Amino acid sequence: MDLSHTVLELIDFRSFSNLWYWIAIAVVWSSASHWVLGVPWDLALRAKRKGGQLEKDFQALVAINVNRILYTVDIAGMWLVGIVSFVLTGLAVMGFGYSVEFAQAVFLIAFPMSFVGALSVRTSRHIQGSDLEGDGLRKRLARHRLGVQVIGMISIFVTSLWGMYQNLVVSPLG
């Protein structure tokens, strides 16, 4: 038995038993929850507390990001839906059809994030259509943030169940 074989046995490169995968999931979902439509949530809270210029900056930043999201969707929305569907389908087939664990891991991050993207477009359309400002805008963003957090909790729960199942199947016990 040589050193490289021992080291490779010691380090587990499988996705669901790798600590870095779980750190990546935590970073993805905490970032998605913190950056609400591209606006940091702490800015919304500070704008509520202090008002004034912070409130104007908050509303301007929301308007910029809403317009950016809707412009992208209006120009390339159908292409984006097609490309995202193609990639997600490919990951699902490779992961669950051909049992490629890395594809399963990426799919379990990307699929729920596609719902977050759709929710962001819906919220952006609502904000632009109703000209929300101040507390109304903050409430709408808070509702969007809650939706993202619910999607994240469900996603983390399903991913952890699937990861535990995969680890049991591959382990010496399975």
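Going by the structure above, here's the rest.
Residues numbered from 1 in each chain as written. Predicted model: local features only at pLDDT ≥ 70, side-chain atom pairs only at ≥ 80, totals over all residues. Heavy atoms only, no water.

A. Local environment of the packing of helix 4 (residues 53-97) against helix 6 (residues 134-170). For the pair helix 4 and helix 6, the least separation of the axes is 14 Å and the interaxial angle reads 25 degrees. The angle between helix 4 and helix 6 places the two elements in the roughly parallel class. By crossing handedness, the relation of helix 4 to helix 6 is classed as left-handed. Contacts from Glu-55, Phe-58, Gln-59, Val-62 and Phe-96 in helix 4 reach Gly-134, Leu-137, Arg-138, Leu-141 and Trp-162 in helix 6. A breakdown of the residues in the contact of helix 4 with helix 6 according to their chemical character gives 6 nonpolar, 2 polar and 2 charged. (Axes fitted to C-alpha atoms, helices over the stretch in contact; angles between N-to-C directions. Helix = DSSP H or I, 4+ residues; strand = E, 2+ residues; numbered from the N terminus. Parallel < 35°, antiparallel > 145°, perpendicular 65-115°, else oblique. Left-handed = near helix turned anticlockwise from the far one by under 90°. Contact = heavy atoms within 4.5 Å. Nonpolar A, V, L, I, M, F, W, Y, C, P; charged D, E, K, R; others polar.)

B. Geometry of a nonpolar patch on the surface. A surface patch of nonpolar side chains, about 780 Å² in accessible area, is lined by Leu-146, Val-150, Met-153, Ile-154, Phe-157, Val-158, Leu-161 and Met-164. Looking at the element boundaries, Leu-146 is found in helix 6. (Patch = residues over 30% accessible without salt bridge, like charges linked within 9 Å, V, L, I, M, F, W, Y side chains within 5 Å. Areas by Shrake-Rupley, 256 points an atom, 1.4 Å probe, with all protein chains shown as cover. Salt bridge = Lys/Arg side-chain N within 4 Å of Asp/Glu carboxyl O.)

C. Structural context of helix 3 (residues 41-50). Within helix 3, the full set of buried residues consists of Trp-41, Leu-43, Ala-44 and Ala-47. For helix 3, the angular spread of buried residues about the axis comes to 160 degrees, placing them on one side. Exposed and facing more than 90 degrees away from the buried side of helix 3 are Arg-49 and Lys-50. Next to the buried residues of helix 3 lie helix 2 (19-34), strand 1 (35-36), strand 2 (39-40), helix 4 and helix 6. Two residues or fewer after helix 3 comes Gly-51, characterised by a positive phi angle close to 65 degrees. (Buried < 20%, exposed > 50% of the residue type's maximum accessible area, 1.4 Å probe, protein only. Arc of directions from axis to C-beta.)

D. Examining helix 5 (residues 101-130) more closely. For helix 5, with 30 residues, the first-to-last C-alpha span of 44 Å sits near the 44 Å given by 1.5 Å per residue. Once helix 5 finishes, Asp-131 follows within two positions and takes phi at roughly 50 degrees, a positive value. (Expected span 1.5 Å × (residues − 1).)

E. Fine view of the packing of aromatic side chains. Taken as a whole and assessed by the stated rule, the structure comprises 7 aromatic pairs. Look at Phe-107 and Phe-111: their rings are 5.2 Å apart centre to centre, the planes differ by 15 degrees, and that puts the pair in the stacked class. One end of the pair, Phe-107, and the other, Phe-111, are both in helix 5, 4 residues apart, so they sit about a helical turn from each other. Arranged with centres 5.3 Å apart and planes meeting at 45 degrees, the rings of Trp-162 and Tyr-165 form a pair that is tilted. Remark: Tyr-165 and Trp-162 occur in helix 6; sequence separation between them is 3 residues, near one turn of the helix. For Tyr-165, a relative accessible area of 46% corresponds to the partly exposed category. Here a set of aromatic residues connected by ring pairs shows up, and it is made of Phe-96, Phe-107, Phe-111, Phe-115, Trp-162 and Tyr-165. (Phe/Tyr/Trp six-rings, centres within 6.5 Å; stacked < 30°, edge-to-face > 60°.)

F. Region of interest: the side chain of Gln-104. Its location among the elements puts Gln-104 in helix 5. Only 3.4 Å separates the side chain of Gln-104 from the side chain of Gln-166, close enough to count as a polar contact. With residues up to four places along the chain from it excluded, the contact list for Gln-104 reads Phe-16, Gly-95, Phe-96, Ser-99, Trp-162 and Gln-166. (Polar contact = N/O pair within 3.5 Å; in protein donor to acceptor, adjacent residues only side chain to side chain.)

G. Looking closely at the layout of surface pockets. For the largest pocket, the calculated volume is near 610 Å³. Along its surface, the largest pocket is lined by 24 residues, and Val-116, Gly-117, Ala-118, Ser-120 and Val-121 are the ones closest to its centre. Secondary structure elements with two or more residues in the lining of the largest pocket: helix 2, strand 1, helix 4 and helix 5. With 10 residues, the single largest contributor to the lining of the largest pocket is helix 4. Class assignment of the residues belonging to the lining of the largest pocket gives a composition of 15 nonpolar, 8 polar and 1 charged. (1 Å grid on protein atoms, 1.4 Å probe; cavity = no way out; pocket = protein on both sides within 12 Å on 5 of 7 lines; lining within 4 Å. Points joined across faces, edges and corners; volume = space filled by probe spheres on them.)

H. Fine view of the side chain of Ser-120. Tracing the sequence through the fold places Ser-120 in helix 5. Of the residues examined, Ser-120 reaches a relative accessible area of 13% and is grouped as buried. Discounting chain neighbours no more than four positions away, the residues touching Ser-120 are Leu-37 and His-144.

Fair warning: the whole summary comes from geometry, so function is off the table for now.
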